Amino acid sequence: MQITEIEINNLTWIPDRRKPPVLSGVSATFAQGEIYGILGANGAGKTSLIRHILGLLPYRGDAVCFDGIPASKYDRKELAQEISFLPQSFAADIDFSVYDVVSMGREPYRGTFSMLTSRDREIIGEAIRITNCGGMEEKRLSTLSGGELQRVMIARTIAQDTPWIILDEPISSLDIRQQAEFMKLMRRLNEEKGRTVIAILHDLNMASDYCTRLLLMKNGEAIAAGPTPEVLTPENLSRTYDVPFKFLQVEGRPQPYAIPR
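Below you will find a few notes about this structure. Source: prediction; values computed, not measured.

## Here we look at the sheet that holds strand β7 (residues 164-168)
- Strand order across the open sheet formed by six strands is β6-β7-β8-β3-β9-β10, with mixed pairing between neighbours. Each of the sheet's edge strands pairs with one partner strand only, and the pair in question is β6 (83-86) and β10 (221-227). On average, each strand axis in the sheet is tilted by 15° relative to the strand beside it, whichever way the strands run.
- By the bridge criterion, four bridges tie strand β3 (residues 35-39) to strand β9 (residues 213-218) in an arrangement that is parallel. The partner of L39 across the bridge, within β9, is L216.
- Against the sheet, helix α9 (residues 234-241) makes contact with β3, β9 and β10, and its axis sits at roughly 35° relative to β9, the strand it touches most.

## Digging into the packing of aromatic side chains
- On inspection of all chains with the given rule, the structure shows three aromatic pairs.
- Consider the rings of F30 and Y36, whose centres lie 5.0 Å apart with planes at 80°: the pair is edge-to-face.
- On the accessibility criterion, Y36 (5% relative accessible area) is buried.

## Some thoughts on the layout of surface pockets
- Within this model, the largest pocket holds a volume of roughly 340 Å³.
- Of the residues belonging to the lining of the largest pocket, the class tally is 11 nonpolar, four polar and three charged.

## Looking at a nonpolar patch on the surface
- A cluster of nonpolar side chains, contributed by L248, V250 and Y257, occupies part of the molecular surface with about 240 Å² of accessible area.
- Judged by relative accessible area, Y257 falls into the partly exposed class, the value being 34%.

## As for the side chain of S103
- Note on placement: S103 falls in helix α3 (residues 98-103).
- With near-sequence residues (within four places) excluded, S103 lies in contact with L116 and I124.

## With respect to the sheet that holds strand β1 (residues 5-13)
- Spatial ordering of the open sheet is given by β2-β1-β4-β5, a layout of four strands whose pairing is antiparallel. Taken across any chain shown, the strands that pair with only one partner, and hence form the sheet edges, are β2 (23-31) and β5 (69-70).
- The sheet strands contacting helix α1 (residues 46-53) are β1, β2 and β4 (64-66), and the helix crosses β1 at an angle near 120°.

## Things to note about helix α5 (residues 146-159)
- Taking 1.5 Å of rise per residue, 14 residues should cover 20 Å, and α5 covers 20 Å from first to last C-alpha, within 8% of that figure.
- In terms of burial, α5 is a largely internal element, 12 of the 14 residues being buried.
- Among the residues making up α5, those that are buried are G147, E148, L149, Q150, R151, V152, M153, I154, A155, T157, I158 and A159.
- Looking at the buried residues of α5, the elements they touch are β6, α3, α4 (118-130), β7 and α6 (176-193).
- Just downstream of α5 lies D161, where phi reads positive at about 55°.

## Comments concerning the pattern of salt bridges
- Across all of its chains, the model carries 10 salt bridges by this definition.
- Across the pair D120 and R106 runs a salt bridge, and its minimum N-O distance is 2.8 Å. Taken together, the residues span a long stretch of sequence, with D120 in helix α4 and R106 in the loop between α3 and α4 at a distance of 14 residues. For the pair formed by D120 and R106, the shared burial category is buried.
- Note that K218 is salt-bridged to D242, the shortest N-O span being 2.7 Å. Linking K218 in strand β9 with D242 in the loop between α9 and β11 (245-248), this pair joins segments that are 24 residues apart in sequence.
- The exposure class of D242 is exposed, given its relative accessible area of 60%.

## A closer look at the environment of E126
- For E126, the position within the fold is in helix α4.
- Judged by its relative accessible area of 30%, E126 is partly exposed.
- The spatial distance from the C-alpha of E126 to the C-alpha of P163 is 16 Å, given a sequence separation of 37 residues.

Rules used in this analysis
Residues numbered from 1 in each chain as written. Predicted model: local features only at pLDDT ≥ 70, side-chain atom pairs only at ≥ 80, totals over all residues. Heavy atoms only, no water. Pairing = 2+ DSSP bridges. Helix = DSSP H or I, 4+ residues; strand = E, 2+ residues; numbered from the N terminus. Axes fitted to C-alpha atoms, helices over the stretch in contact; angles between N-to-C directions. Contact = heavy atoms within 4.5 Å. Phe/Tyr/Trp six-rings, centres within 6.5 Å; stacked < 30°, edge-to-face > 60°. Buried < 20%, exposed > 50% of the residue type's maximum accessible area, 1.4 Å probe, protein only. 1 Å grid on protein atoms, 1.4 Å probe; cavity = no way out; pocket = protein on both sides within 12 Å on 5 of 7 lines; lining within 4 Å. Points joined across faces, edges and corners; volume = space filled by probe spheres on them. Nonpolar A, V, L, I, M, F, W, Y, C, P; charged D, E, K, R; others polar. Patch = residues over 30% accessible without salt bridge, like charges linked within 9 Å, V, L, I, M, F, W, Y side chains within 5 Å. Areas by Shrake-Rupley, 256 points an atom, 1.4 Å probe, with all protein chains shown as cover. Salt bridge = Lys/Arg side-chain N within 4 Å of Asp/Glu carboxyl O. Expected span 1.5 Å × (residues − 1).

Following this line, the structure appears as structure tokens:
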């Protein structure tokens, strides 16, 4: 199996009938080979959308399809070999070592009680190296800072070695340098290894620099989607965030800076 396209078809989700829909008629397509940024204010429905893609929230049969096939037709292990997921938050009070946590990314490829193979250890070591987690392997997860923990969880996601990577606010706990390093890493995985990345982001200018396509969401609806230069306009951003924007062109930077006014 090799998923080449994820399709969202008029997806609506109303967990509480006394409140407005969390998602309302969302349609979107994610094609292999791109870096997608999903942008919008808090409560726009971004996390709910990706959790539907992952099958973590209920939906009608054809609302989420992979290459035209309803996502419900795929079993969990099969899907875990296609899509890896970095959630927005995770428990840090478990007494596992960094190496043990990163090695959990290999679970979809292992049988019950089977040992790590040399190939598994090679992939784990590479994930640790490229996320700058080297030297931390024996540290316990509960002793890490927020930024260290985020890097370890990113390493686990990369160790899963899937064609698709879905990330929920992956740079929220990283400092500025680490944010840039992470986005460069996603670009490298995309360009050199063909990974397709879907990331919920709040930094408009990071999204502008690194994402090839964007989806803007507001109040549970998809309001703009397409190539980054076409979507990232003052008009679309003002509509998304309910605040006026101006763009500042800086010499040497292809995309202008988006500045709320």
